[in-house]
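Architecture at a glance
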Amino acid sequence: MARWKKFLLGVSGIFVLALLIAWLGWVVLPLRALEATHPPVPHNLVIAHRGASYWAPEETQPAYELARELGTDYLEMDIQRTKDFALVAIHDDTLERTTNVAELFPGREKQTISEFTLAELKQLDAGYWFNRKHPGLARSSYSGQRILTLGEILDIAGAKGRKCPVYIETKSADHYPGIERDLVALLREKGWLEPGDGGLPPVIFQSFYSDSLMKLKELAPNIPRIYLVESQVLKKEGGWAPMLDRAAQIGAGIGPMGTLCWPWNVGSAHRHGLTVHAFTLDEPWQFRLMAWFGVDGLFTNRCDALLDYYGRPSAKSARSLLDELGY
Ligand code: G3P
Ligand code: CA
């Protein structure tokens, strides 16, 4: 063999060996360390981001019913509070993107959720926009879907005689003083704070606001809490390492943007005893990369695809389940 070929072969071998050692050090060993600490949330979680929101309008009844029927581990939702103190699921601060607020309440498009009563929100169409945006996935029954209260989502989650676990975000928590108390009171009233059957925790809390999570820790210490992390949070905390210290006080994990989930970041979270759920990823190549980097679970709009990837495919397709559900 020519000398230059031998040289290339040697360099490639060293490169592959270095990669293997890095993977063992950053991913495998910290993961084993995390498992040894018995984290409260198991591995390979499928978290249906705003329900099965690839297939149906986000945070509406069809999105949550479909995710439940597909067999997702968790139904994810963003909880905010109306003027008359009802807890409702909606992602944005305003109603512009996902409802016909401009048509029903002209001039109030820029108002926040907290400036509307529940009765007003319930008049809005929270589904028609999906049909316009995704004509290939449109269904006429999506038009006229309503914004849901947290109580209504819990009823959907518990409709089949077993509770499909819920993953609840206190969205814009600084805008809603006392929302943690209201949230815990409703969960308690509806029987969702009782310990589960030994499987998945029935409820997980999540927030970009560490203060909100600390309040939840005080009010319901047994419910796991996930500190959501994006660039603003990292800036506020002063970097990855101090953010992990804060997250460790909060317990039980972090929810970083996928782009932050480098193996050395995931590994250091595991060494802190923190589980890692990345948001929001929908493509099989992303699932593969995140698994390789040691991430413990994913927020996804495609819970059907992630269930496939984790080897737990749904027996029926999303389209046939939507038909069966009457959509
Ligand atoms: O809750 C995890 C993820 O949903 C955070 O992003 O903006 O979709 O709520 P967002
Ligand atoms: Ca969310």
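Refer to the preceding data block for the structure.
These figures come from a predicted structure and were not determined experimentally.

**Let's talk about the overall build of the protein chain**
The helix and strand tally for the protein chain stands at 14 helices and 10 strands. Within the protein chain, counting contacts between residues at least 6 apart in sequence, those at least 24 apart form 62% of the total. Of the roughly 14900 Å² of accessible surface on the protein chain, a fraction of 58% belongs to carbon and sulfur atoms.

**Side note on the packing of aromatic side chains**
Counted under the stated rule, the structure contains 13 aromatic pairs. When the ring of Phe 130 is compared with that of Tyr 142, the centres are 5.5 Å apart and the planes differ by 85 degrees; the resulting orientation is edge-to-face. Residue Phe 130 is located in helix α5 (residues 128-133), and its partner Tyr 142 is located in the loop between α5 and β4 (148-149); the two are separated by 12 residues in the primary sequence. The class of Phe 130 is buried, set by a relative accessible area of 1%. Members of the aromatic cluster, joined through ring pairs, are Tyr 74, Tyr 167, Phe 208, Phe 279 and Phe 299. One cation-aromatic arrangement involves Arg 108 over Phe 116; the distance from NZ or CZ to the ring centre is 4.1 Å. Over the face of the ring belonging to Tyr 54 we find Arg 302, whose NZ or CZ atom lies 4.1 Å from the ring centre.

**Considering the coordination of the calcium ion (ligand 2)**
At 2.2 to 2.3 Å from the calcium ion (ligand 2) lie its protein donor atoms, namely Glu 76 (OE), Asp 78 (OD) and Glu 169 (OE). Taken together, the six donor atoms coordinating the calcium ion (ligand 2) span angles of 53 to 158 degrees at the metal, a pattern that classifies the geometry as irregular. Each donor residue of the calcium ion (ligand 2) lies on the same chain, and together they follow the pattern E-x1-D-x90-E. Taken together, the positions of Glu 76 in strand β2 (residues 74-81) and Glu 169 in strand β5 (residues 166-170) put the pair 93 residues apart, joining distant regions of the chain. The exposure classification of Glu 76 matches that of Glu 169, with both residues buried.

**Remarks on the pairing of strand β10 (residues 297-300)**
Alternating residues of β10 divide into Gly 297 and Phe 299 and Leu 298 and Thr 300, and every residue in both groups is buried. In this sheet, β10 lies alongside strand β1 (residues 45-48) in parallel orientation, the contact comprising four bridges. Bridged to Ile 47 within β10 is Phe 299. Pairing analysis gives two bridges linking strand β9 (residues 275-278) to β10, with the strands arranged parallel. Within the sheet, the bridge partner assigned to Ala 278 lies in β10 and is Leu 298.

**So, the site of ligand 1**
Surrounding ligand 1, one finds His 49, Arg 50, Glu 76, Asp 78, His 91, Glu 169, Lys 171, Gln 206, Phe 208, Leu 228, Phe 279 and Phe 299. Between ligand 1 and Arg 50 there is a distance of 2.8 Å, counted from an oxygen atom to a side-chain nitrogen or oxygen. For ligand 1, whose unbound accessible area comes to 280 Å², protein coverage reaches 90%. For the shell around ligand 1, the class distribution of residues is four nonpolar, three polar and five charged.

**Thoughts on unusual backbone geometry**
Each neighbour pair has its own omega, and for Gly 251 with Ala 252 the value is 10 degrees, a cis peptide bond. Tracing the chain through its elements places Ala 252 in the loop between α10 (240-250) and β8 (253-256). We note that Asn 44 has phi near 55 degrees; this positive angle belongs to a residue other than glycine. You can see Asn 44 is positioned in the loop between α1 (3-36) and β1.

**Some details on the pattern of salt bridges**
Side-chain pairs of opposite charge can arise where the charged atoms are in close proximity. Scanning the entire structure with this criterion turns up 18 salt bridges. The residue Asp 73 makes a salt bridge to Arg 312 at a minimum N-O spacing of 3.0 Å. Taken together, the positions of Asp 73 in the loop between α2 (61-70) and β2 and Arg 312 in the loop between α13 (303-309) and α14 (318-324) put the pair 239 residues apart, joining distant regions of the chain. By relative accessible area, which is 10% here, Asp 73 ends up buried. Take Arg 312: its relative accessible area is 34%, and that puts it in the partly exposed class. In this structure, the salt-bridge partner of Arg 81 is Asp 182, at a minimum N-O distance of 2.8 Å. Within this pair, whereas Arg 81 is found in strand β2, its partner Asp 182 is found in helix α7 (residues 179-189), the two being separated by 101 residues in sequence.

Rules used in this analysis
- Residues numbered from 1 in each chain as written.
- Chains lettered and ligands numbered in written order.
- Predicted model: local features only at pLDDT ≥ 70, side-chain atom pairs only at ≥ 80, totals over all residues.
- Heavy atoms only, no water.
- Helix = DSSP H or I, 4+ residues; strand = E, 2+ residues; numbered from the N terminus.
- Contact = heavy atoms within 4.5 Å.
- Areas by Shrake-Rupley, 256 points an atom, 1.4 Å probe, with all protein chains shown as cover.
- Phe/Tyr/Trp six-rings, centres within 6.5 Å; stacked < 30°, edge-to-face > 60°.
- Buried < 20%, exposed > 50% of the residue type's maximum accessible area, 1.4 Å probe, protein only.
- Lys NZ or Arg CZ within 6 Å of the ring centre and 35° of its normal.
- Donors = N, O, S within 2.8 Å, 3.2 Å for Na, K, Ca; no water.
- Tetrahedral: all angles 85-135°; square planar, octahedral: opposite > 155°, others 65-115°.
- Pairing = 2+ DSSP bridges.
- Near = heavy atom within 4 Å.
- Polar contact = N/O pair within 3.5 Å; in protein donor to acceptor, adjacent residues only side chain to side chain.
- Nonpolar A, V, L, I, M, F, W, Y, C, P; charged D, E, K, R; others polar.
- Salt bridge = Lys/Arg side-chain N within 4 Å of Asp/Glu carboxyl O.

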